[in-house]
Amino acid sequence: MPNLITIITAVHAPGAEYLPDAYKSLREQELPDGWDWQWVVQEDGETDAVRPYVPDDARVSFGQGRAGRAAMARTMGLARAEGAYVKVLDADDMLTPGALARDLRALMDHPDLGWATCRALDLLPDGSTVGFEGDPPQGPIARGAVLEFWRSNDHRAQVHPATLFVRRDLLLALGGWMALPASEDTGLLMALNAVSRGWFTAETGLLYRKWPGQVTSQSAHTDEAERAARFAVVEARARVLAAMDGWRHDARR
């Protein structure tokens, strides 16, 4: 559907309790006349623990499947995505007011860009927030710029992959999220930046919740051998894609 934004959320049982907060942040979004959103919630697993937290709203689509981590859940959720644009929203995060409209405006105003990101703040358990250093200036991001910054800064990107907003056709062309146990969103971001320019909005668009049960806080996430393997394949894929002709969007469609 041309005037629809699909928000995709992968969720596993420990994070299900935060879904109502994510939904509240969606309900507070204001979009241009004629636009609406669809929320695709995909459980990474088949338990009875998630469905009770899924709101009763015609705009919300809930699905389940074999556990395989966030990359597989999000990519399976793409089967139900109807929007021309896809926005990532982790189950434990929240959008700030106006975030969707700002993302949409960036890509509508710049039809040659394939994706957009925005400033994110860590939301700590006590309710306080902490910003990131090194945000780029608001505006277009050149092809390859995210990868080069990531390589030069201990594999930390200057834009947050959890804030991604992307044209669905480009997302599908790249196969969705990388089949990795973690860093799947970083892998997608690097691939997107390898083939197309993007956009960064300096206004805060995401509250990134920090809590003990999140996947990135587990010891396995920082295992050096796995981390090195993840980042090696992320970079290799981006390098190969960068050597291709890039992506072209036909703004007339």
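Below you will find a few notes about this structure. None of the values given here were measured: they were computed from a predicted structure.

## Observations concerning the overall build of the protein
Looking only at helices and strands, one finds seven helices and ten strands in the protein. By the compact-globule yardstick of 18 Å for 253 residues, the protein fits well, its C-alpha radius of gyration being 17 Å. Overall size of the protein, expressed as C-alpha extent along the three principal axes, is 50 × 45 × 35 Å. Relative to its 253 residues, the protein shows a buried fraction of 53%. Of the contacts made within the protein by residues no fewer than 6 positions apart, 76% connect residues no fewer than 24 positions apart. For the protein, the accessible area works out to roughly 11,700 Å², and carbon and sulfur atoms hold 52% of it. Between the mean site of the 27 positive side-chain charges and the mean site of the 35 negative ones, the protein shows a separation of 5 Å.

## Observations regarding helix H4 (residues 145-152)
Of all the positions in H4, only Val146, Leu147 and Trp150 are classed as buried. Along the long axis of H4, the arc covered by the buried residues comes to 100 degrees, so they all point the same way. Within two residues after H4, aspartate 154 carries a phi angle of roughly 55 degrees, on the positive side.

## Some thoughts on the side chain of arginine 209
Within the secondary structure, arginine 209 sits in strand S10 (residues 198-209). What makes arginine 209 buried here is its relative accessible area of 12%. A distance of 3.0 Å separates the side chain of arginine 209 from the side chain of aspartate 21, its partner in a polar contact.

## Concerning the pattern of salt bridges
Taken as a whole and judged by the stated rule, the model has 16 salt bridges. Ionic pairing is found between lysine 24 and glutamate 28, a salt bridge with its closest N-O pair at 2.6 Å. Among the residues examined, glutamate 28 registers a relative accessible area of 37% and is labelled partly exposed. The shortest N-O distance in the salt bridge between aspartate 112 and arginine 197 comes to 2.4 Å. Here the residue aspartate 112 occupies a position in the loop between helix H3 (99-109) and strand S6 (115-123), and arginine 197 occupies one in the loop between helix H6 (184-195) and S10, the gap between them amounting to 85 residues. Owing to a relative accessible area of 33%, arginine 197 belongs among the partly exposed residues under this scheme.

Analysis parameters
- Residues numbered from 1 in each chain as written.
- Predicted model: local features only at pLDDT ≥ 70, side-chain atom pairs only at ≥ 80, totals over all residues.
- Heavy atoms only, no water.
- Helix = DSSP H or I, 4+ residues; strand = E, 2+ residues; numbered from the N terminus.
- Rg over C-alpha atoms; globule rule 2.2 N^0.38 Å.
- Buried < 20%, exposed > 50% of the residue type's maximum accessible area, 1.4 Å probe, protein only.
- Contact = heavy atoms within 4.5 Å.
- Areas by Shrake-Rupley, 256 points an atom, 1.4 Å probe, with all protein chains shown as cover.
- Lys, Arg positive; Asp, Glu negative; His and termini not counted.
- Charge placed at Lys NZ, Arg CZ, Asp CG, Glu CD.
- Arc of directions from axis to C-beta.
- Polar contact = N/O pair within 3.5 Å; in protein donor to acceptor, adjacent residues only side chain to side chain.
- Salt bridge = Lys/Arg side-chain N within 4 Å of Asp/Glu carboxyl O.

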